[in-house]
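Listed below, chain by chain, are the residues.
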Amino acid sequence: MVAAGAIGTPKLLELSGVGNGELLSEHGIDVKRDLRGVGENLQDHLQIRTVFGITGARTLNDMSAGWSGKLRIAAEYAFRRSGPMAMAPSQLGIFTRSSPDHDSANIEYHVQPLSLDAFGQPLHRFPALTVSVCNLRPKSRGTSHIRSAAARDAPRIQPNYLSTEADRMVAVDSIRHARRLMATDRLREYRPEELKPGRSVVNEDQLARAAGDIATTIFHPVATARMGQDSMAVVGADLRVHGIDGLSIADASVMPTIPSGNTHAAVTMIAEKAADLIRARRGS
């Protein structure tokens, strides 16, 4: 059973000789099973991270400023089990439509009481919110393949975010929707000031370009060893790899299409199904 995730699983398969025969031969790997779908069909939720400065309220930016702020947060958690360390990073989630063109919710918000230039960078020194929004049903498809036959080398991941006109339009509408959210009467008292992408970004071309500049992965990669029976499928409904006896996959890579929401529950379901199949094969 392989369960290395949508990035790790295709890497393990390709290094073992299971994948697109032409790609494997280029890297000097003996082809055990030619499966062209391995590493293809990569999907992810792209998180567009708009940032709004506020006044009249504290956020994690100013609460954690300096060592004294960090110590106060740590002490509150140590003695009271409360405060910022006792809460999830995102304090608000919303499922809604980016525009009336969609019949059901197609975007998801993660609103966080903090802001920063990029993951791994320090928080800003002024109070601000990150109002991030992602397209739940992206049309863009990417790839994840080995770059060499060396196991230590990271794979070449090409998400191809915003590579379709439909995805670019949802991104544009999402930024506009985030602006409307922050302009509501309830939030007006905090005088939100748009910092990213900025109020000067107005037309569709500018907004689409800005979406790519301020967006990041939301860590939901799926579908690189998808389930099915066509020529690009890697596993069947029983999670077994086509043409390889005794080899199954149980992770997000087997999803044909990304779920319209967080992937954790779907991956848990796949794992439970895999356990049921294993028990059934063993007659227990």
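Reading the values: the criteria
- Residues numbered from 1 in each chain as written.
- Predicted model: local features only at pLDDT ≥ 70, side-chain atom pairs only at ≥ 80, totals over all residues.
- Heavy atoms only, no water.
- Phe/Tyr/Trp six-rings, centres within 6.5 Å; stacked < 30°, edge-to-face > 60°.
- Helix = DSSP H or I, 4+ residues; strand = E, 2+ residues; numbered from the N terminus.
- Buried < 20%, exposed > 50% of the residue type's maximum accessible area, 1.4 Å probe, protein only.
- Contact = heavy atoms within 4.5 Å.
- Polar contact = N/O pair within 3.5 Å; in protein donor to acceptor, adjacent residues only side chain to side chain.
- Expected span 1.5 Å × (residues − 1).
- Arc of directions from axis to C-beta.
- Pairing = 2+ DSSP bridges.

(A) Inspection of the packing of aromatic side chains at higher detail. In the structure shown here, the tally under the stated rule is one aromatic pair. Ring centres of Phe-119 and Phe-219 lie 6.0 Å apart, and the angle between their planes is 40 degrees; on these two criteria the pair is classed as tilted. Of this pair, Phe-119 sits in the loop between β5 (107-112) and β6 (128-135) while Phe-219 is found in the loop between β10 (215-217) and α8 (264-282), placing the two residues 100 residues apart along the sequence. Its relative accessible area of 44% is what places Phe-119 among the partly exposed residues. According to the relative accessible area criterion, Phe-219 is exposed, its value standing at 60%.

(B) Inspection of the environment of His-177 at higher detail. Note on placement: His-177 falls in helix α5 (residues 165-182). For His-177, a relative accessible area of 16% puts it in the buried group. Excluding its chain neighbours within four sequence positions, the residues that come into contact with His-177 are Thr-96, Arg-97, Ser-98, Ile-107 and Tyr-109.

(C) Local environment of unusual backbone geometry. In this structure, Pro-197 follows Lys-196 across a cis peptide bond, with omega equal to 5 degrees. Positionally, Pro-197 belongs in the loop between β9 (193-196) and α7 (204-214). The phi dihedral of Phe-219 is positive, around 65 degrees, even though this residue is not glycine.

(D) Region of interest: the side chain of Thr-50. On the secondary structure map, Thr-50 appears in strand β3 (residues 46-53). Residue Thr-50 is classed as buried on the basis of its relative accessible area of 1%. A distance of 2.5 Å separates a polar atom in the side chain of Thr-50 from the backbone oxygen of Val-131. In contact with Thr-50, not counting residues within four places along its chain, are Leu-129, Thr-130, Val-131, Ile-175, Ala-178, Lys-196, Pro-197 and Ile-214.

(E) Quick peek at α8. Its 19 residues give α8 an end-to-end C-alpha distance of 27 Å, which sits within 8% of 27 Å, the value for a rise of 1.5 Å per residue. Residues of α8 that are buried: Ala-266, Ile-270, Ala-274 and Leu-277. Buried residues of α8, viewed axially, fall in a sector of 85 degrees; they line one side. Residues of α8 that are exposed and point over 90 degrees away from its buried face: His-264, Ala-265, Glu-272 and Arg-282. Once α8 finishes, Gly-283 follows within two positions and takes phi at roughly 75 degrees, a positive value.

(F) Spotlight on the pairing of β5. Taking burial as the measure, the six residues of β5 include six buried ones, the bulk of the element. What you see with β5 is no split at all: Ile-107, Tyr-109 and Val-111 on one side and Glu-108, His-110 and Gln-112 on the other are buried throughout. Where strand β4 (residues 92-96) meets β5, five bridges bridge the pair, whose relative direction is antiparallel. Bridged to Gly-93 within β5 is His-110. Pairing analysis gives six bridges linking β5 to β6, with the strands arranged antiparallel. Within β6, the residue paired with Glu-108 across the bridge is Cys-134.

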